[in-house]
Amino acid sequence: MFFRLKLVFKVLILACLHSFVSSNEQGDALIALKASLNDSANQLSSWNPNMVDPCTWTKVTCDDNKNVIYVSLSALGFSGVLSPKIGALKTLQTLSLQRNAISGAIPEEFGNLTNLTMLDLDNNRLTGEIPPSLGNLPKLQFLYLSQNNLTGTIPDSLSHLASLTEIQLGSNGLSGQIPGGLFKVPKYNFTGNHLNCGINVPQRCASDSVGSSNKSKIGTVLGIIVGIVCLLVFGGLLLLFWKGRHKGYRREVFVDVAGEVDRRIPFGQLKRFSWRELQLATDTFNEKNLLGQGGFGKVYKGVLSDNTKIAVKRLTDYESPGGDAAFQREVEMISVAVHRNLLRLIGFCTTPTERLLVYPFMQNLSVAYRLREIKPGEPVLDWSTRKRVALGTARGLEYLHEHCNPKIIHRDVKAANVLLDEDFEAVVGDFGLAKLVDVRKTNVTTQVRGTMGHIAPEYLSTGKSSERTDVFGYGIMLLELVTGQRAIDFSRLEEEDDVLLLDHVKKLEREKRLDDIVDRNLNKHYNIQEVEMMIQVALLCTQSSPEDRPLMSEVVRMLEGEGLAERWEEWQHVEVNRRQEYERLQRRFDWGEDSIYNQNAVELSGGR
């Protein structure tokens, strides 16, 4: 028996040592990366070599076993080079370093990242050749190396990556012949290089290319293609004409705007959809496919011809100054905001009368739906998921405010605009849309964009928004997560005067009735200390003075357990003084008809 216990303890100790060594090795690799990137602005201050566990560091995400799986250092202004020690992160799935000023070569050691699914090094100053070792990454799906200074040939090894679904190598100094296997990748871009796209026939180097490897067959192939296209076009026109006669469709439905072709925008890597393509995907924007609607328009579920599920936002009030060109520039600016907690923009469509944005479909819909609109039999959003949503949303907003240049202000942060992916991770949607619409054209009495109950007081009074107005909206969203309730609920008038959720929670918090605040659907399956922490962060975010509200980076740290206690103690002191002043003024005006004379008498009788 004693021997068995010793054996068990030995196994446990070895397991702990293995975990420690693993974390230490991962931490060393990340510290080496930080040092090589010249973090002169100390943006990675939390990457502390004295802290063994890198899972607590900003921009780093780990799985349940404390393995680093996600590192995103996009658009942080880093120079320097890439450390070869990053190859030690064997569990890493996503490495995102795009839009910096990183120079030097891509280390061969990147070929050791055998669990990597995405490598994004776009928009840097990388030189040298693409290492053939990248062909050793069996799970790699997305390879982005565009807009660098890479030279040499494209390694044949890349064409053997069975999982590769997109490769972007445009705007480099690459030469030689493109490996034929890469043309089988669903999405590719080799433009802006000195490449030979085929053996005998120069093919187009974008993913809509059509070519032949036999020069003698070009005329035949082209003839067949032209004939098929003509038949399809003629047949399509007949079909559409017949449908128009029988269903009363408007003529403009069937004719795409000139120039509205399927092309890629190099800057944002967006697809420009045709009107007809989105009309077919949504069954002519059938109301049965309506996912929701808000101040910016309606959102429809759609399915593309390749069975990709999408969400199409049909904008209202879209007439921005400068028309189509201005709209496209703004769309491109939004498209470069890439973060795991931000909704990725796939593409857009413009016609003389329409502006549409296309996003991936989020199968778990929105946080608001999961809190208040679930159908019988659907699971309730549990407490651990709500915590992840709070932190993920904060990280997404932090990226918009502090890592985008120019920064992006959301203007309508709420549970309905936070979507949930297949893993119930928070994805912030609708960011930047206020810049896409004409604020002068609106059907409300103010130019303020947003939802009542979520709008900061200074935004309502001045019409001017800032990142602190987003912080206010985020605070209200935290209260939605905790309570499951709407920001404004007139049913509370039957029991109390607090129609606003914020006032309702403040009252219950003062009375120390935290359990009465929490969503009853949780059935008491929550940690009351964590509830208290989330409420405290929410109340700090919703202070009346925007200068007193924390930055989103500070919110992230508070949710991670850093600096909340001090900030909360300071807020309580200010709040007590404010409430006492308010009550004093209330007493002053509640004295009745003789209040002025009574007040004068009090003042005259005081000490001199």
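It should be noted that the structure appears before, not after, this text.
The following refers to the structure shown.

## Considering the sheet that holds strand β2 (residues 68-72)
Spatial strand order, β1-β2-β3-β5-β7-β9-β11: 7 strands in an open sheet with mixed pairing. Two strands lie at the open edges of the sheet, namely β1 (60-62) and β11 (187-189), each paired on one side alone. Strand after strand, the sheet turns through a mean of 10° between neighbouring axes, direction not considered. Here strand β3 (residues 94-96) runs beside strand β5 (residues 118-120); their pairing, made up of 3 bridges, is parallel. The partner of Thr94 across the bridge, within β5, is Met118.

## A word on the packing of aromatic side chains
Aromatic ring pairs: the centre-centre distance and the angle between the two ring planes describe each pair. The final tally for this structure, using the stated rule, is 5 aromatic pairs. The interplanar angle of 15° and the centroid separation of 5.4 Å between the aromatic rings of Tyr188 and Phe190 together place this pair among those described as stacked. Ring centres of Phe285 and Tyr300 lie 5.3 Å apart, and the angle between their planes is 75°; on these two criteria the pair is classed as edge-to-face. In this pair, Phe285 sits in the loop between α3 (275-281) and β15 (290-294) while Tyr300 sits in strand β16 (residues 297-303), placing the two residues 15 residues apart along the sequence. Comparing Phe285 with Tyr300 shows no difference in burial state: the two are buried. Through a chain of ring-to-ring contacts, the aromatic side chains of Trp275, Phe285 and Tyr300 assemble into a single cluster. Here Lys301 stacks its cationic end above the ring of Phe361, 4.7 Å away from the centre of that ring. Just above the ring of Tyr70 sits the side chain of Arg340; from NZ or CZ to the centre is 4.7 Å.

What counts, and where the lines are drawn
- Residues numbered from 1 in each chain as written.
- Predicted model: local features only at pLDDT ≥ 70, side-chain atom pairs only at ≥ 80, totals over all residues.
- Heavy atoms only, no water.
- Pairing = 2+ DSSP bridges.
- Helix = DSSP H or I, 4+ residues; strand = E, 2+ residues; numbered from the N terminus.
- Axes fitted to C-alpha atoms, helices over the stretch in contact; angles between N-to-C directions.
- Phe/Tyr/Trp six-rings, centres within 6.5 Å; stacked < 30°, edge-to-face > 60°.
- Buried < 20%, exposed > 50% of the residue type's maximum accessible area, 1.4 Å probe, protein only.
- Lys NZ or Arg CZ within 6 Å of the ring centre and 35° of its normal.

Geometric descriptors of this kind do not, in isolation, establish any biological role.
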